[in-house]
Amino acid sequence: MAPEERAPRQATEAPRQAAKTPGQTQEEALTAKPPSANTTGLALELLVHGVGGATPQAMLGDPRTERVTGDGIAGIHRRVADLDAETRPGDHRGEPVREAYVWSNLTSGDGSRALWLMLLPFMVINLAHWMRPTCEDRPRTVRAYGLLVRLVALTLTVLLTAAACEVALDLTAWQCAGTHACSSDKAWLGFMSADRHGWWSPPGRRLALAAAVPTALTGLLWLLSRRTWSAYEAQVPGRAGSDEDTPKAGGRPALCLPGFWYGRRIVARLRAAHTAAALLTIAAFLAQAASRHDRAPGGSAVLDALGWALIAVLAAATVFVVHAVCRRGRSEGAPDDTLDRFTVTALPFTALGLLLLAAVYAAWDRPGWQSHGMLPGDRVFGLIALGQGGLVLLLALAARRLHRAAPAERTPLGGLAGPAVATLACALGGVMTAGVAQRVADWLDGPATPGMGDGPIGGPPALLTWQASVIPPLLAVLLLLLLVLVLRTLRLRERLCRTVPDGYPGEGHDRARTRAIAGTVARAGLTDATPWVLGTVAVLTLLLGGGAVAGAWSTHDVPGRAAAGTARIVEDIAQIAQALGSWCVGLGFVLLIAWGRRAYRDPAARRTVGILWDVGTFWPRAAHPFAPPCYAERAVPDLTWRMRTWTERTGGRLVISGHSQGSVLAAAAVWQLPAATRGRVALLTYGSPLERLYGRWFPAYFGPVKLAALHDDIHCWCNLWRRTDPIGGPVRLPGEVPAATAVDRGPLKDPLAYGRTAEHPLPAAILGHSHYQSDPEFARTRAALLARLAAWIPAPRQGSAGRSSA
């Protein structure tokens, strides 16, 4: 999504300071007014940009701007010419003072944030939590839905850790270092190679040393989560409205709750639980490998007993971890400053202690122990896949029950959007797991094909190869769906070509121009086709994933060898699917790494990565603590504080003007305002996905009833939209809304002129999602909002020094 306006050149003149009294800060000078000021006509427009970022110079249309409050991450900017505008209230010529809230660095300012691409499955499962259907009278089902999503998120952490263990412990330390043909040409493995007979050569010690890799990965995830927690969730939000401030129709909107943007407690508890789960997974890999040898004939009875005891303790610790995840979810009724200190401290340190015990147990001297074959990874990854499938099916039952109890209009997939997205998160986790394992095995095996028995190592578990082999048919179906969408778009364009000229009466018609406008409108409609594509892919993923588990467990071999001896065509298809699947997951993983590396070096590419995160990380971390942080937990309190303090100090009117994702932030901030402040605030949204994206996919929070409650609460709200916009759309409030207070203004004409006119001597551009402020309707709508808002604000009392009585 493009920024609202093209950025002009940077400021070339030194910014001018507002008039200040001694000891007064720049921000205080901007918000305070002299005792004799008449603020009856004082108005402020607070601009909030959309995804992809924007500069204050572009938003304000002036190269000379200055930040008046905030920091380099997010702040409020003004034109230099307006810095002292509030000390001259009679000098505005009917135009509001304009401020720009710039928040792009919350998501795309730091190059290291490109690494968040690796956390994509965690971000996606966190979205599934917020896609719950709307239903307020089934609290048990609502809690069950949140619990099931948190359990799926926990399996993703276990899956990532198991993949790291598979690469470090099984492929590297167990298989390659234990085979002369593999380790002989790898000098970095020489000190732990089995044929060197050094101190690190025994299998248990090799495994204990290799366990440092997944342990370090877990520590890195914990550190990233804690750093972002300190910057986002740990910040206490401002004062929100009270119970009586909130409209009662349809229940109290969740985004009104004062603790909604304060997820400190849940993130801290989930971070401890997921960290402990990862460490316990590593410990289980070590204990299982060593205890399997001790249970074999000739094994030590003492070590066998110790192994069983260790496994029992690991199982008990796992129960405590699951209990911590299953406890109540987010507490949003009030900012919760209480931390579960015992859980937050005890779980990760206990798990770390058990991991050290498992490392000592595995490294204990066992004469005659040699590594051969593969560690039993099929069982581990198969149980994870079955667990994820079962949880997703239960999640679908809960979502369907909620949707049937209170169906919301235009909710996609009959309320099953959350389970479909959860399936996508599990599929992404599986693809990344298989990709890493396949590529590492390919690198260690040299020219041989992993898993085919023609190389020095056995390769990754057969299940990972089966999972990779189902990717080609999945991609084939996806390409077929895309082809259907293309054909539908072409047919729609041809139908629109007959109606586009009707919107420009009196102008000459040009076929190329008509096709360009009609094509833009048709392509913009592709957004509404996303649900059935996602649903088809989710169902197919579940079926193919179940088939992969069944194939791996029934044959105990990779597809290429499992199909040997069957019909020639079946054998060829299996070989092709296995080869293409291995390359697909490997190529996808390499592209992900390359994209992240480019984003680290290239600011333009970094901005593209930021766009993805702007959409995916609006919601707080309620399901997975290692997901990228929620930028709205900083942006919404920023906007709320600015609106409340400015209106309270000046008594003026304020229009918060949000484009694209900025309109969602603006609506969320308005929901957090006290009633006295909301009476002085108008909401202007344009190119807004409030209904088209958030209202449909997140009905419990932005559904029709919630948006209608916002309309009743804010008094003055207008929404501009175009048919050519692929992202924004009408709000579509339910029921009859009087024309005088209707929200939607549109569709706006785009382009503004069909051909060359006196007002547009050059061909007018098709603007689509950008440049809403250049449309004449924008200024008219803003002026109308300010005029309507004035009727709601009481007149100032005589002798009140210009302050409003509100």
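Residues numbered from 1 in each chain as written. Predicted model: local features only at pLDDT ≥ 70, side-chain atom pairs only at ≥ 80, totals over all residues. Heavy atoms only, no water.

A few points about the packing of aromatic side chains
Tallied over the entire structure, the rule returns 24 aromatic pairs. Each ring, one from Phe260 and one from Trp261, has its centre 4.8 Å from the other, and the planes form 75°; the classification is edge-to-face. Residue Phe260 is classed as buried on the basis of its relative accessible area of 0%. With a centroid separation of 5.1 Å and an interplanar angle of 85°, the aromatic rings of Phe618 and Trp619 are classed as edge-to-face. The burial state of Phe618 is the same as that of Trp619; both residues are buried. Grouping aromatic residues by their ring pairs yields a cluster made of Trp103, Trp130, Phe260, Trp261, Phe618, Trp619, Tyr631, Trp671, Tyr694, Phe698, Tyr701 and Phe702. (Phe/Tyr/Trp six-rings, centres within 6.5 Å; stacked < 30°, edge-to-face > 60°. Buried < 20%, exposed > 50% of the residue type's maximum accessible area, 1.4 Å probe, protein only.)

Thoughts on the pairing of strand 4 (residues 97–102)
Most of strand 4 is tucked away: six of the six residues are buried. With five bridges joining them, strand 1 (residues 43–48) and strand 4 adopt parallel strand pairing. Its bridge partner lying in strand 4, Leu47 is registered against Ala100. Relative to strand 4, strand 3 (residues 75–79) runs antiparallel, the two sharing four bridges. Within the sheet, the bridge partner assigned to His77 lies in strand 4 and is Ala100. (Helix = DSSP H or I, 4+ residues; strand = E, 2+ residues; numbered from the N terminus. Pairing = 2+ DSSP bridges.)

As for a positive patch on the surface
Positive charge collects at one region of the surface, where Arg488, Arg491, Arg495 and Arg498 lie side by side. Here Arg495 lies in helix 15 (residues 471–496). Its relative accessible area of 46% is what places Arg495 among the partly exposed residues. (Patch = residues over 30% accessible without salt bridge, like charges linked within 9 Å, V, L, I, M, F, W, Y side chains within 5 Å. Areas by Shrake-Rupley, 256 points an atom, 1.4 Å probe, with all protein chains shown as cover. Salt bridge = Lys/Arg side-chain N within 4 Å of Asp/Glu carboxyl O. Lys, Arg positive; Asp, Glu negative; His and termini not counted. Charge placed at Lys NZ, Arg CZ, Asp CG, Glu CD.)

Re the sheet that holds strand 5 (residues 653–659)
Taken in spatial order, the eight strands make up an open sheet running 2-3-4-1-5-6-7-8, and their pairing is mixed. Looking along the sheet, the strands with just one partner apiece sit at the ends: strand 2 (65–70) and strand 8 (744–745). Packed on one face of the sheet, helix 22 (residues 661–671) meets strand 1, strand 5 and strand 6 (681–686) and runs near 140° to strand 5. Across the sheet, helix 26 (residues 704–714) is in contact with strand 6 and strand 7 (717–720); its angle to strand 7 comes to roughly 125°. (Contact = heavy atoms within 4.5 Å. Axes fitted to C-alpha atoms, helices over the stretch in contact; angles between N-to-C directions.)

Note that every value here comes from positions in space, so none of it alone points to a role or purpose.
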